[in-house]
Each structure stands twice: as structure tokens, then as C-alpha cells.
Amino acid sequence: MTKAPDSPDSPNLPPEKPPIIAPGVPALKASGADRVELMQTFVRIVEAGSLSAAAALLGTTQPTVSRRLQMLERSLGLRLLQRSTHQMKLTEDGERCFTRAKELVESWEAFEADLRGTGEEPEGTLRVLAPHAFGQELLVGPLVSFLERYAGIKVHWFLQDREPDFIAEGIDCAIHVGELRDPSNVAITLTDVPRIVVASPELLQDRRLPTHPHELAQMPWLALTTFYRNDITLTHKDTRESARVTFEPRMSTDSLYVLRGATLRGLGVGVSSAWVMAEDVAQGRLIQLIPDWRSTALPMYIIYPYAKHYPARLLRFVEAMRAAVPSVIDSEQRKIRDL
């Protein structure tokens, strides 16, 4: 059963009792337009995890959100959510209702967008998951440009190095680097992210500069667990010869920035997205080892769940990222190519 943690909207709020539907008395009916609004509110409550968070997303008050939820439950004659002072969770009926309501709301929003015409400015909130390093640095520029262009759109920008569960987490789309695990999602390639092998001058001070990947195995290593742990394969850019390097890392991390910091301090050899280390290599703080050998470039995608209709704000965001991201990453990596 889907669960959504909830910080209570009122610290003394008692567990709610199910709506009383008297036998033989028809449930409260709402108009068609009202029902769409009620279902939109219900979807936002589940996605946000609490009534107060949903109210903030919808630009209204918590009592209004609570009243809409009660109206929807009475209209359907079902209990959709169970709330207490400590948590909020969907009932079995609520789980079924959420899936159908989300589809209906998305279809209604697409229907409205079609009627308004392509010239209408897209509106609403996008919930986007982005990788930590990219989301903190390279993607901020394209994100700000997108928001400046579309004044009616708001973005919730979450940072995680993983594929999301779009439905359970209420995520609209994700920017993802590396292998994809869920083939049912729509995946659009943005660019490829080259990776390089680097070490600090201090680490190399008493060592001969390696000329072949096999010589790297004798050096201390750092592992980036999201992409490699105990081995990595390098390929020569011209001859296409490949060589597998195995090692026992002195330190493992899932953060590109931690890997960079440890590499700068001479703890070991690291393999990283080229753009992260580009400035350090250009300034001589790091040295690119065996530059003719590269680890396989990582594909970068924008992914989102399949649907019959998509809101204009999502389509515009996909267009903006496809246009901006390749040039942004390329400009950073040019610092290495121009050395």
C-alpha cells in the first residue's frame, strides 16, 4: 500500500473517523468542474505528503484542502486517506483512486492546454529530479533560463543520483546519468558525458607517470560507487584497444564532489566526469593520466513516465533541456581539449 509520511497539520489532531454514509441516502454530489478540482487536490495531497504541503503547492490554505478532501470522500462514499498525528497513508480505495485521478487530472490539463492553443503560456509546477553534481552546477543555468522564459511555471528541484519512482514520489521528470533500469519510461538522450582518469601532482611525485592502464593497478584508488567499485575498463581513443583495471579502493563514495576533494588531496586515482575536473586539470591542480585512454562515456537522459497526454510545462522543459544541456557540458570539457 502506498504510504506518504506526514508531519501533522495540527499537533493535537485526533485520528479522523470515516465519513458517515447513511443507508439509502445518496452521497453528496459535486459538479463536473468541482470534481476535477477535488481530484486535483487529492492528487496533490498524495504527491506532497501532507495537507499543508499540498496547500502550499496549490496556493491555498490547509483548511480548504482538508474540506476538498472531505467533499471528494463524501462524493465517492469512500475513505481515501487514513490520517493520525504521526502519519498519513492511502487506503486500498485511495490507492485505486489516486492512480485513476492522476490520469484524469493529466488528461484534463492536456485538454485545457489544447483548447488554449499553442500560443498560451504554460503554467503550473514541475517536480524534477536531477543528479547531485549536475543539479548543483551545470544544470542551474539552463533551469534559470527556462524559468525566466516561462513566468507561469514553478519548479521543485530535487537532487538524487538515481531513477525515481515517478508515481509514488510525485516526480514529473528526471535528468539521469548512466544506465536506465525501467524500460517503460520515456527516455530522451541529451548528451554523452566523457570520463577521465586523474590524480594530484602530490600523488605522482615519487611515481613514474603511467603510460598504459595496467600500470594504474599499482596505484591507490578511489571508487565512485554509482558507476564503478573495484574495476573499470578503459579504451584507447584511436586503436579502440580496451584494458580492464582492477583495484581495492582506499575510499569509496557516491559523491562526485567527495571524489574530487579526495583526489585533490592526493589520496588516490579517480575516474570522474570530465567536466567536474576540467578546471582543476586546466589549472594544474590535477593531472589527467593516460589521456589517450578513456572510460566509456555516460549517457545523459531526460526521462518521464509514459502517458497519453503531457502538460505543456513538461513538454517545454524537455525542449529547453535538449537545447541547452549539450552545449553547457561541451563548454566545460573544452577546457581539457584546449590544453
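All of these numbers come straight from a predicted model, not from anything done at the bench.

Undergrad: Please explain the side chain of Thr235 as it appears in this structure.
TA: The residue Thr235 is located in strand E9 (residues 231–236) in this model. Thr235 sits in the buried class, given a relative accessible area of 17%. What Thr235 contacts, discounting residues up to four positions off in sequence, is Arg240, Glu241, Ser242, Asp292, Trp293 and Arg294.

Undergrad: So what exactly am I meant to see when it comes to the packing of helix H9 (residues 256–264) against helix H10 (residues 274–282) here?
TA: For any two helices packed against each other, one specifies the inter-axial angle together with the distance between the axes. At a minimum axis distance of 10 Å, the contact between H9 and H10 shows a crossing angle of 30°. By the angle between their axes, H9 is roughly parallel relative to H10. When you trace H9 past H10, the crossing you get is right-handed. Seen from H9, the contacting residues are Leu256, Tyr257, Leu259, Arg260, Thr263 and Leu264; seen from H10, they are Trp275, Val276, Met277 and Asp280. Its residues assigned to classes, the contact of H9 with H10 shows seven nonpolar, one polar and two charged.

Undergrad: Please clarify how the pattern of salt bridges should be interpreted in this entry.
TA: Going through the model one piece at a time under the given rule, you end up with 13 salt bridges. Among the salt bridges present, the one from Glu37 reaches Arg68, with a minimum N-O distance of 3.4 Å. In this pair, Glu37 sits in helix H1 (residues 32–48) while Arg68 sits in helix H3 (residues 62–76), placing the two residues 31 residues apart along the sequence. Note on Glu37: relative accessible area 34%, which makes it partly exposed. Under the relative-accessibility criterion, Arg68 is labelled buried at 17%. A salt bridge links Arg260 to Asp280; its shortest N-O distance comes to 2.7 Å. Of this pair, Arg260 sits in helix H9 while Asp280 sits in helix H10, and the two are 20 residues apart along the sequence.

Undergrad: Just checking my understanding: could you explain H9 for this structure?
TA: Three- or four-residue spacings in an α-helix give side chains the same orientation, since the helix completes a turn every 3.6 residues. What H9 keeps buried is the set Leu256, Leu259, Gly261, Ala262 and Thr263. You can read the cap of H9 off the contacts: a side-chain oxygen lies 3.2 Å from the backbone nitrogen of Tyr257, and it is on Ser255. Looking one or two residues past H9, Gly266 carries a phi angle of roughly 80°, positive in sign.

Undergrad: Looking at this structure, how should I read the packing of helix H2 (residues 51–58) against H3?
TA: One can describe the packing of H2 onto H3 by two numbers: an axis separation of 8 Å at closest approach and a directional angle of 105°. In terms of axis orientation, H2 runs roughly perpendicular to H3. Residue-level inspection shows Leu51, Ser52, Ala54, Ala55 and Leu58 of H2 in contact with H3, the latter providing Gln62, Val65, Ser66, Arg68 and Leu69.

Undergrad: In this structure, what is going on with a nonpolar patch on the surface? I would like to understand it.
TA: Nonpolar side chains collect at one region of the surface, where Leu104, Trp108 and Phe111 lie side by side and expose about 270 Å² of accessible area between them. Locating Phe111 in the fold gives a position in helix H4 (residues 92–116).

Undergrad: Please explain the pairing of strand E6 (residues 173–177) as it appears in this structure.
TA: The side chains of a regular strand alternate, residue by residue, between the two faces of the sheet. Most of E6 sits inside the fold, with five of its five residues counted as buried. As judged from the two bridges shared by strand E4 (residues 124–130) and E6, these two strands associate in the parallel manner. Bridge pairing links Val128 to Cys173 in E6. In the sheet, E6 pairs with strand E14 (residues 293–304) via four bridges, with the strands oriented antiparallel. By the bridge assignment for E14, His176 is matched with Tyr301.

Undergrad: Looking at this structure, how should I read the environment of Ala243?
TA: Note on placement: Ala243 falls in strand E10 (residues 242–246). For the pair Ala243 and His214, spaced 29 residues apart in the sequence, the C-alpha separation amounts to 7.3 Å. Excluding residues within four positions of it along the chain, Ala243 makes contact with His212, Pro213, His214, Ile232, Thr233, Leu234 and Trp293.

Undergrad: Looking at this structure, how should I read unusual backbone geometry?
TA: A negative phi angle characterises most non-glycine residues, just as the trans form characterises most peptide bonds. Non-glycine residue Arg240 carries a positive phi angle of around 65°. In this fold, Arg240 is placed in the loop between E9 and E10. Classification of Arg240 as exposed rests on a relative accessible area of 57%. The phi dihedral of Ile290 is positive, around 30°, even though this residue is not glycine. Mapped onto the elements, Ile290 comes out in the loop between strand E13 (287–288) and E14.

Undergrad: Would you mind going over the confidence of the model for the protein chain with me for this structure?
TA: Reading fine detail from the predicted coordinates is not recommended where pLDDT is low. For the protein chain, the mean per-residue pLDDT works out to 85, and 85% of the residues sit at or above 70. Confidence drops under a pLDDT of 50 for residues 1–33, and excluding neighbours within four residues, the segment shows 51 contacts in the predicted structure.

Undergrad: In this structure, what is going on with the packing of aromatic side chains? I would like to understand it.
TA: The geometry of an aromatic ring pair is captured by two quantities: the separation of the ring centres and the angle between the planes. Under the defined criterion, the tally for this structure stands at eight aromatic pairs. Between the aromatic rings of Phe146 and Phe317, the centroid separation amounts to 5.2 Å while the plane-to-plane angle is 80°, which identifies the pairing as edge-to-face. Taken together, the residues span a long stretch of sequence, with Phe146 in helix H6 (residues 140–149) and Phe317 in helix H11 (residues 312–337) at a distance of 171 residues. Just as Phe146 is buried, Phe317 falls in that class too. Aromatic rings pair up to connect Phe146, Tyr150 and Phe317 into one cluster.

About the criteria used
Residues numbered from 1 in each chain as written. Predicted model: local features only at pLDDT ≥ 70, side-chain atom pairs only at ≥ 80, totals over all residues. Heavy atoms only, no water. Helix = DSSP H or I, 4+ residues; strand = E, 2+ residues; numbered from the N terminus. Buried < 20%, exposed > 50% of the residue type's maximum accessible area, 1.4 Å probe, protein only. Contact = heavy atoms within 4.5 Å. Axes fitted to C-alpha atoms, helices over the stretch in contact; angles between N-to-C directions. Parallel < 35°, antiparallel > 145°, perpendicular 65-115°, else oblique. Left-handed = near helix turned anticlockwise from the far one by under 90°. Nonpolar A, V, L, I, M, F, W, Y, C, P; charged D, E, K, R; others polar. Salt bridge = Lys/Arg side-chain N within 4 Å of Asp/Glu carboxyl O. Polar contact = N/O pair within 3.5 Å; in protein donor to acceptor, adjacent residues only side chain to side chain. Patch = residues over 30% accessible without salt bridge, like charges linked within 9 Å, V, L, I, M, F, W, Y side chains within 5 Å. Areas by Shrake-Rupley, 256 points an atom, 1.4 Å probe, with all protein chains shown as cover. Pairing = 2+ DSSP bridges. pLDDT = per-residue confidence, 0-100. Phe/Tyr/Trp six-rings, centres within 6.5 Å; stacked < 30°, edge-to-face > 60°.

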